[in-house]
Amino acid sequence: MSDSDFLPEGTLRGLPGPLPAGERILWRGAPTPSGVLLRALHARLVLVWFAGTATVLAIGAAASGGPARALAVAGPTLLIGVAALGLLSFLAWLVHRTTVYTLTDRRMVLHVGIALPITLNLPLTRIESADLRLFSDGTGDIPLRLPPGERVAYLHLWPHARPWRVSRPEPMLRSVPEARSVVALLAPALAAQTEGSAEGIAEGLAKDLAKGPARAAEPAVTGRASAAPGRLATAGAR
């Protein structure tokens, strides 16, 4: 039985309920498995660690027992490393399969979690800024900065959280495909819901995109929170 079995009929996957009248979906997506594997689960570091450990063990064993002894000593370490990478790859695939990011003209919805999925509603009026970090494959990370006092537990968000922002966690769209296009949709939607200038937001976005891939994130989309009431809440855990 899936979480959709408990939702009203017609509810799209990843949303807490049917869309209110007049609300439009602008984009839906999910993290790429390779991006989660390499940048959230740090598969490269795991590979380097096991390869380095196996090399050190092999050198020491070869000095005293020859190549056969080196292989016997380093082999189990390499096998454990391969198993670890396989497990991380499976976890990255699960993150990809269980995550749905939805952008509407009023809010950003993050449906995240493998064992205990939650749906997080982020009204655009409650998002201070959205940053962009592009990578060479065209994917990108899009952190969403929330006003002071609006907090979501870092562990509830991970790996959909901006790294190292533990005291003030920032929800993050992790490794989304065609990130330029996604932010190009987010910019006018956020401008329309805030008191910020659409022209200023577009100019900031253009500067951020011009930096090219794999640069440190800068505010790509900014705006002051509207005085209109907004609700930042976990829509539900299913």
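Before reading on, note that the structure itself is shown above.
All of these numbers come straight from a predicted model, not from anything done at the bench. (Residues numbered from 1 in each chain as written. Predicted model: local features only at pLDDT ≥ 70, side-chain atom pairs only at ≥ 80, totals over all residues. Heavy atoms only, no water.)

I'd like to hear about the overall build of the protein, residue by residue, with values.
Broken down by element type, the protein carries five helices and nine strands. N-terminal to C-terminal, the α/β element order of the protein is β-α-α-β-β-β-β-β-α-β-α-α-β-β. Sorting the 238 residues of the protein into buried and exposed places 45% on the buried side. For the protein, the share of sequence-separated contacts (at least 6 apart) that also reach a separation of at least 24 residues comes to 65%. For the protein, the exposed area adds up to about 12300 Å²; of that, 63% sits on carbon and sulfur atoms. (Helix = DSSP H or I, 4+ residues; strand = E, 2+ residues; numbered from the N terminus. Buried < 20%, exposed > 50% of the residue type's maximum accessible area, 1.4 Å probe, protein only. Contact = heavy atoms within 4.5 Å. Areas by Shrake-Rupley, 256 points an atom, 1.4 Å probe, with all protein chains shown as cover.)

Report on the environment of Arg-24, specifying residues and quantitative values.
On the secondary structure map, Arg-24 appears in the segment before β1 (25-29). Spatially, the C-alpha atom of Arg-24 lies 9.9 Å from that of Arg-107, the residues being 83 residues apart in sequence. When neighbours within four sequence positions are excluded, Arg-24 is seen to be in contact with Leu-103, Thr-104 and Asp-105.

Break down a nonpolar patch on the surface for me, citing the residues and quoting the values.
The grouping of Leu-87, Phe-90 and Trp-93 at the surface amounts to a nonpolar patch, some 350 Å² of accessible area in total. Looking at the secondary structure, you find Leu-87 in helix α2 (residues 43-98). Residue Leu-87 is classed as exposed on the basis of its relative accessible area, which comes to 58%. (Patch = residues over 30% accessible without salt bridge, like charges linked within 9 Å, V, L, I, M, F, W, Y side chains within 5 Å. Salt bridge = Lys/Arg side-chain N within 4 Å of Asp/Glu carboxyl O.)

Explain unusual backbone geometry to me, using residue names and the numbers behind them.
Glycine aside, residues mostly have negative phi angles, and peptide bonds mostly take the trans form. Cis geometry marks the peptide bond from Trp-158 to Pro-159, where omega comes out at 5°. Structurally, Pro-159 is set in the loop between α3 (154-157) and β7 (172-176). Positive phi, normally seen in glycine, also occurs at His-42, with a value near 55°. Residue classification places His-42 among the partly exposed residues on the basis of a relative accessible area of 41%. If you check the backbone angles, Ser-175 has positive phi at about 50° while not being a glycine. Tracing the backbone through its elements, the reader meets Ser-175 in strand β7. Overall, Ser-175 belongs to the buried group, its relative accessible area being 0%.

Give me the lowdown on the pattern of salt bridges, citing residues and values where you can.
Per the stated rule, a full pass over the model turns up nine salt bridges. A salt bridge links Arg-24 to Asp-105; the shortest N-O distance between them is 3.8 Å. Taken together, the residues Arg-24 in the segment before β1 and Asp-105 in the loop between β2 (100-104) and β3 (107-112) connect sequence positions 81 residues apart. With a relative accessible area of 17%, Asp-105 lands in the buried category. One salt bridge in this structure joins Arg-145 and Glu-170, with 3.1 Å as the shortest N-O distance. Separated by 25 residues along the polypeptide, Arg-145 in strand β6 (residues 140-145) and Glu-170 in the loop between α3 and β7 bring together distant segments of the chain. On the basis of relative accessible area, Glu-170 is assigned to the buried category, the value being 3%.

Break down the nonpolar core for me, with residues and values.
Ranked by internal contacts, the top residues of the largest apolar core, which has 29 residues, are Met-108, Leu-110, Leu-122, Ile-142, Leu-144, Leu-173 and Leu-186. Sorting the residues of this core by element identifies β2, β3, β4 (118-123), β5 (129-134), β6, α3, β7 and α4 (179-193) as the ones contributing at least two each. Here this core gets six residues from one element, more than from any other, and that element is α4. If we ignore the near neighbours within four places in the chain, the residues touching Leu-144 are Met-108, Leu-122, Ile-127, Ser-129, Ala-130, Glu-170, Pro-171 and Leu-186. (Core = buried A, V, L, I, M, F, W, Y, C linked by side-chain atoms within 4.5 Å.)

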